[in-house]
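Survey of secondary and tertiary structure
One-letter residues, chain by chain:
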Amino acid sequence: MNCPGGWVIGNFPEAILQTPLFEIAYKYHRQTEDWPRHAQKIATEYNFLLHGAMMVNDTLFNTGEYFIIEPMEFVKPTFLTDCELIVVKIPSLPDDKILDK
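Residues numbered from 1 in each chain as written. Predicted model: local features only at pLDDT ≥ 70, side-chain atom pairs only at ≥ 80, totals over all residues. Heavy atoms only, no water.

**So, the pattern of salt bridges**
When the charged atoms of two side chains with opposite charge come close together, those side chains can pair. Definition in use: Definition used for salt bridges: Asp or Glu carboxyl oxygen within 4 Å of a side-chain nitrogen of Lys or Arg. By the criteria applied, helices consist of DSSP H or I runs no shorter than four residues and strands consist of E runs no shorter than two, each listed in order from the N terminus. The cut-offs for exposure are 20% and 50% of the maximum accessible area for each residue type, with area from a 1.4 Å probe on protein chains only; residues under the lower value are buried, those over the upper are exposed, and the others partly exposed.
Considering all chains together, one arrives at 4 salt bridges under this definition. Where Arg30 meets Asp82, a salt bridge forms, and the shortest distance between an N and an O atom there is 3.6 Å. Here Asp82 lies in the loop between strand S9 (77-79) and strand S10 (83-90) and Arg30 lies in the loop between strand S3 (23-29) and strand S4 (38-40), a separation of 52 residues in the sequence. Residue classification places Arg30 among the partly exposed positions, given a relative accessible area of 48%.

**Considering the pairing of strand S7 (residues 59-62)**
Put simply, the rule reads: At least two bridges found by DSSP between two strands are what make those strands a pair.
Strand direction decides the pairing type here: strand S6 (residues 53-56) and S7, joined by 4 bridges, are antiparallel. Paired with Ala53 across the strands is Asn62, a residue of S7. In this antiparallel pair of consecutive strands, S6 and S7, the connection spans 2 residues, and Asn57 shows a positive phi of 55 degrees.

**Thoughts on the packing of aromatic side chains**
Test applied: Only the six-membered ring of Trp is used, alongside the rings of Phe and Tyr, when aromatic pairs are assigned; centres must lie within 6.5 Å, and planes under 30 degrees apart are stacked while those over 60 apart are edge-to-face, with the rest tilted. Sitting over a ring, as applied to charges here, requires NZ of Lys or CZ of Arg to be within 6 Å of the ring centre and within 35 degrees of the ring normal.
This model, assessed by the stated rule, comprises 1 aromatic pair. Geometrically, the ring pair formed by Phe61 and Phe67 is tilted, given 4.6 Å between the ring centres and 35 degrees between the ring planes. Note on accessibility: Phe61 and Phe67 belong to one class, buried. Across from the ring centre of Trp7, 4.8 Å away, lies the NZ or CZ of Lys89, which sits over that ring.

**Observations concerning the sheet that holds S7**
Here is the rule we go by: Axis definition: a line fitted to C-alpha atoms, over the contacting stretch in the case of helices. Angles run 0 to 180 degrees between N-to-C directions.
Taken in spatial order, the 3 strands line up as S7-S6-S9 in an open sheet, and their pairing is antiparallel. Edge positions in the sheet fall to S7 and S9, since each has one partner strand and no second. Taking the axes of each pair of neighbouring strands and ignoring which way they run, one obtains an average angle of 25 degrees across the sheet. As paired elements, S6 and S9 share 3 bridges and run antiparallel to each other. Considered in S9, the bridge of Met55 is made with Thr78.

Shown next as structure tokens:
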């Protein structure tokens, strides 16, 4: 089964384990990928950078480092290299993301 966006566990039909308690994703981002500034309304997001280098707002993260995004904390990721991450969001709220306009 294909899990959209790398989200394999969470409160959505394609998940290999459906639960409203949390979400887990394996994310691969290319260096050229442009992500908008965004936040989660309610969920807290835990990110572990498996491989690569990226900026989140004004902070540099490298392979093996982690960062936490709190609810309503707007972030703008910039991928300095191709990056692989494991992301956990608590709770699982698929429509929680808001984009900065």
